[in-house]
Every structure is written in C-alpha cells, then in structure tokens.
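Remarks on the overall topology
Now for the letters of each chain:
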Amino acid sequence: MGTSPQIQNHGQDRHEGPEYVHPVSQDGFDLTGHHVDLSDTESDSDLESDDTAIFGNPQPRRLESAPLITSRRRFSSIDEDNDHDGVLGPVEEDEEKPVTWSSLPKKGQLAILTLARLSEPLTQTSLQAYLFYQLKSFDPSLPDSKISAQAGMLQGCFTAAQFITAVWWGRLADAEWMGRKRVLLIGLMGTCLSCIGFGFSRSFATAMVFRTLGGVLNSNVGVMRTLIAEIIAEKKYQSRAFLLLPMCFNIGVIIGPILGGTLADPINSFPQFFGPGSTIGGKDGVWWMQHWPYALPNLLSAVFIFTSFLAVFLGLDETHEIARYRKDWGRKMGKRLTRAWARRPRHYRPLTRSSDDDSVYTDGSLGAWSTPSSPARSRVHPRPHKKIGFCQIWTRNIVLTLVAHFLLAFHTSAFNSMTFVFLPAPRAPENSRQGLFHFGGGLGLPSSRVGLATAIIGFIGLPLQIFLYPMIQTKLGTLTSFRTFLPFSPIAYVLMPFLVVLPRIPWIIWPSFTFVISLQVISRTFILPAAIILVNNCVTDPSILGTVHGVAQSIASAGRTMGPFLGGWGLGLGLENNMIGAVWWALAVESLLGWAMLWSIYEGKGIEHKKDEIEEDEE
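Residues numbered from 1 in each chain as written. Predicted model: local features only at pLDDT ≥ 70, side-chain atom pairs only at ≥ 80, totals over all residues. Heavy atoms only, no water.

Observations regarding the packing of helix α16 (residues 396-422) against helix α22 (residues 581-597)
At a closest axis distance of 9 Å, the pairing of α16 and α22 adopts a crossing angle of 160°. Of the possible angle classes, the one that applies to α16 and α22 is roughly antiparallel. Crossing angle aside, the handedness with which α16 passes α22 is left-handed. Here Leu400, Val403, Ala404, Leu407, Phe410, His411, Ala414, Phe415, Met418, Thr419 and Phe422 of α16 come into contact with α22, specifically with Val583, Trp584, Leu587, Glu590, Ser591, Leu593, Gly594 and Met597. Here the contact of α16 with α22 is built from residues that sort into 14 nonpolar, four polar and one charged. (Axes fitted to C-alpha atoms, helices over the stretch in contact; angles between N-to-C directions. Helix = DSSP H or I, 4+ residues; strand = E, 2+ residues; numbered from the N terminus. Parallel < 35°, antiparallel > 145°, perpendicular 65-115°, else oblique. Left-handed = near helix turned anticlockwise from the far one by under 90°. Contact = heavy atoms within 4.5 Å. Nonpolar A, V, L, I, M, F, W, Y, C, P; charged D, E, K, R; others polar.)

With respect to the environment of Gly187
Mapped onto the secondary structure, Gly187 falls in helix α5 (residues 179-199). Sequence-wise, Gly187 and Ser219 are 32 residues apart; in three dimensions their C-alpha atoms are separated by 6.0 Å. Those residues in contact with Gly187, other than ones at most four positions away along the chain, are Leu217, Asn218 and Asn220.

Topic: the confidence of the model for the protein
Here the protein averages 76 in pLDDT, while 74% of its residues score no lower than 70. In this model, residues 1-32 is a region of pLDDT below 50 whose contacts with residues beyond four sequence positions or in other chains number 69 contacts. With pLDDT under 50 throughout, residues 610-619 is counted as low confidence; its partners more than four residues away or in other chains account for 19 contacts. (pLDDT = per-residue confidence, 0-100.)

So, the nonpolar core
With 64 residues, the main nonpolar core has Leu113, Leu184, Ile228, Val312 and Phe482 as its most contacted residues. Of the residues that make up this core, three or more belong to each of domain 1 (104-326) and domain 2 (392-606). What Phe482 contacts, discounting residues up to four positions off in sequence, is Leu408, Ile527, Ala530, Ala531, Leu534 and Leu598. One finds Phe410, Ala414, Leu423 and Ile460 within the second-largest nonpolar core, a separate group that totals 33 residues. (Core = buried A, V, L, I, M, F, W, Y, C linked by side-chain atoms within 4.5 Å. Buried < 20%, exposed > 50% of the residue type's maximum accessible area, 1.4 Å probe, protein only. Domains from an automatic or database assignment.)

What about the pattern of salt bridges?
Where charged atoms from two side chains of opposite charge approach closely, those side chains can pair. Counted under the stated rule, the structure contains five salt bridges. The partner of Arg117 in a salt bridge is Glu120, with the nearest N and O atoms 3.7 Å apart. Here the residue Arg117 and the residue Glu120 both occupy positions in helix α3 (residues 107-138), the gap between them amounting to three residues, near one helical turn. Neither residue differs from the other here; Arg117 and Glu120 are each classed as buried. The closest approach of N and O atoms between Glu230 and Arg180, which form a salt bridge, is 2.6 Å. In this pair, Glu230 sits in helix α7 (residues 220-231) while Arg180 sits in helix α5, placing the two residues 50 residues apart along the sequence. The same class applies to Glu230 and to Arg180, which are both buried. One salt-bridge network, held together by shared partners, links Asp174, Arg180 and Glu230. (Salt bridge = Lys/Arg side-chain N within 4 Å of Asp/Glu carboxyl O.)

Structure representation (structure tokens):
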C-alpha cells in the first residue's frame, strides 16, 4: 500500500481548517475522490528529505496510488478513545459516541486518584468502629459521657485543622515550584504517619496530637478535585469523573467499619491466633498487640495509604500548567518499571513513538505509518501570565457557590453524626408523648443493628451513583439536578424523628427507616457531585483553580466541624426536654435555606480547553 509523502503534514495541518491537505494518490485524486493539482504539492527536495527520513534512501520513491474512498467520512489523527500515535483512522463526522464509564479518558490517572481518595474514608470509618473503646482503654475510670465528649473532640480537631490549613495547601498547589502532585504526596504521607501515631497512642493527649497532625497535612480532597478538573478537560465527562470521589465515601462506609471492628483488640477477638499459647503469639501472645490493642487496624490503614502514595508517586502526572514541564523523577521511574515489567520480544519492533525522543522505528516494511514530530512538551514552553491576587478571586458567583457548599456540608455531616446517636439512644417511656411534637427518645437499637443501618446507607448510595446519577445528571444538567434533588434532604430530616412514635414492630420500623434514609441518600448522591462541579466551573483561570478548591475544602471542613457539634448539642437538648424533633426540623430549615440560595447562582463555563489543546496533551 502506498501513499504520498505529503501525508507528513497531517500532524501540522489537522487543526488548521481550510489549509488541511488530503493525502493524494499518484493519479491526482485525493481520498475523498476530488481531483487535486499536483503542481501545487511539495517540491522534489521535500519528497527526497521525507523519503530519507523514513526509508533511509536518498532517492525519491514513486508510490502506488491509494484506493479511492467514497464514503462520507473524515480522517482523524487521534482516536478519541485511544492513545494512537498519529495513525489515521476513519471516524464518523456527525455521530458522537454516548458517554459511558468505559469511555472516560485517562482511566489510569483516574484509577490512581480513586485509590488515593479511598484511603481517607476507609481510615475514618474504620476509626469510628472502635474509637469509643480505644478512648475507654486510655482511662477505664472515665464515665461514658466523658468518653463521648472526647470522641467528639477527636473528630472535631481533624476537620478544624483542615479548615485552617486547606486554603494554604490550595495556594501551594497553584504555586509553580510546588504543583498539585507534591501537595497530594505530602497529604498522603501525613495521613499515613497520623494513622500509625494514633494506633500506638497510649493517652488522649497523644491521640489528639496525631489526629490534629493528620488534619494539618491533609488537603487531599481539594487537590484531587483540581487534578480531576485538569485531567478531564471535556465537560461531557465531568458528571462521571467528579462522581468518583463521593463514591469512595460509600465504599468506605461499607468496608471501613467491618475492617475496624474485626481487627480491633485482636488478642481478645482472635485468641487462637494472637493470644497466649496461640500459633502466632507463642507462649505469652503477641506483646505489641497486648500493649497497643488498637494498633492493628491503624497499621492496615497506613499500609493502604502508603500503597496509594507509591501509586501517585510512580504513576500520576502533574497537571499544573507550569509545573508539568518540570522533571518528574517518580514518573520516570514508574515508566521504566512498566517497560521492564511488560517488555516485548526483541524480534518484534512495532511502529511506535518512543516516549523519550519520539523517533520512528520500522522493521523494514511500513505496514502503518507515523509522522516524526517534536514532542509537545519539548516544543511548547510554558507561558507565564499575570497572577490573580487572592482578593481578586472572590466574584459574587464564587462567593455564593461556596456559601451553598458550606450549608450543604453542614447539614449532611450533622445528619450523619446525629443519626448514629439517635439510633442507639434508649426509647422514651410510653406515656411521655404529649401532643404531635412533644416526644423524645431514640430507636434503642443495639450496636449490631447500628452497623446494619450503616451498611444500608452504603448499599443504597453506591448503585445510585454508578447507574442512575450519570444518566439523570446528563439529562437535567448540573444546577438543575442540584435544585431538583436537594429538597429530598429536608423531607428526610422532617420525617426522621417521627420514627420513634411508630409501633415497635421490626417489619414496620425497618422499612420506614430505610425509606427515610433513602430520601437523604438519593439527595446526597445528586447534590454532592453537583456541588463539586459548580465550584469547579465557577473558576475561569487555571492559576487559581487549586486555591478555590482549597477554599472549598476549608469551608466544607468548617461545616463538617460545626454540623456535628451543633447537631449533637441540639440532640442532647431535645432528649432532655422531650422534644427530639426540634433539632431535626431546624436542620430541615437550614437545608431549605441552602436550596433557596441555589436560585441566585449560575453554573460557570469553567476552564475551557480547545479540542486541539486536549489532543496535544494526550500526545
């Protein structure tokens, strides 16, 4: 099969509109069947230089005519779903493939970010399974009320530290000398050290120090949102890409408590393996498990986080518009390990472009062809531009979007915290109810049933996120779906306290509880990714993207700190004054306030990428 050497210009002309020249056959017809004047083609010197570059022959070579293609198709140099090196392939002109999970670009990069994000909810939910008992082991003489207060302080110090430092980590992620990847690596390593230190703590003060350290160094969520926004350049993929981070929460809710509850205090949980006279423990048992009974689940969490640290170090690309041109030793090492692992036989040399010098290799015959060109990163130099000051970031739309983000984080975190106090709280006496609104008590569920309720939340949310959310969000749009599904949350908050007045019959209580929880989970499934996308799309300058996401994480951390604190305080007042519903109904009013604010904001265009810029980055 022969083609004209004029094909060499396809890489330069493919984005230049009318100047694009179709490949021409020997008899003067291009691939669309139109006649082309060969007198306007390249000179013989150009042909000679091209033949020399490809075939190593100084003499120009006459090529056979190409077959005539009459179908109405255009040629694309890069397949939209694969990383081909400039090999032409037919693509339908007017047909656009529907967006599916399998069509997401850069799936390897997204998988690394998902692995890194999953480490945090796994750690947090694992901790909740044994936190009360670990605090009790520090001082067994403390009453349960004091232990509960300490547990609240440990939860609050982590989010409070995030609130203080997330903005500055976002600014560092926007700095040219730091970048996104380095900030993410610092956050993962800080979380890993925090887990190890917390597991081997012997006092409440030491546990507070390590939890605070984890919050100070952990800005992972804001940085990951920034990375996803820059990895997924086309908006049509955003609904699925930004959903990956909330999905990790539901996975963590299902798996984390199981791991934490199973591995905590292994001497008593598995005496046949770790106790005195056991297979592993020997005569006296595993001494460090006796001294630090809650270290094992933390060590497992640390191993998982360190694995994600290695995946980020070796496999994640920097996306900062300036810092991505810096040498990345971890990424180079990862590529070398990949090549060493998947080395092909020496007798086969495919026509590819080397990642280092982009040279063309042939084995004597040209079954497919590729244009030798300079790599984009070596040819294009970063263009410095005027930096936007911190005070100039805050447009009206950004501020209102962040306020809505705070209100959302407040009521969702308060609901989670209040639910797991409301479920095990003892039931009120039968004669304590007075009228329609004056009643108290909780559902009085044992700890095993509380774990079942936790699993219900995860099992409802995960299928909704995978199958239902992308279709509805694509049809309605981000802001419309936010406005449509947010009211489901206040409905759930209004109905939740009325569960205590239902007859104490399992086949009535559990379906009713599942219905109320489903309302909130459906709402959260649609509004959490929508909130992230709205924050991302209100930024139009890539130099402040990390800063705005850092501020969003800081504000969300403030909401997650205040929500459980005020919700727990209000729940306590409701139990004391026989009006358990007051705090739930106040939470419904707060969520409705956030819903009303959505009508004063609009979805921005975000950082728009031209198609040729996207293709250049993929090359």
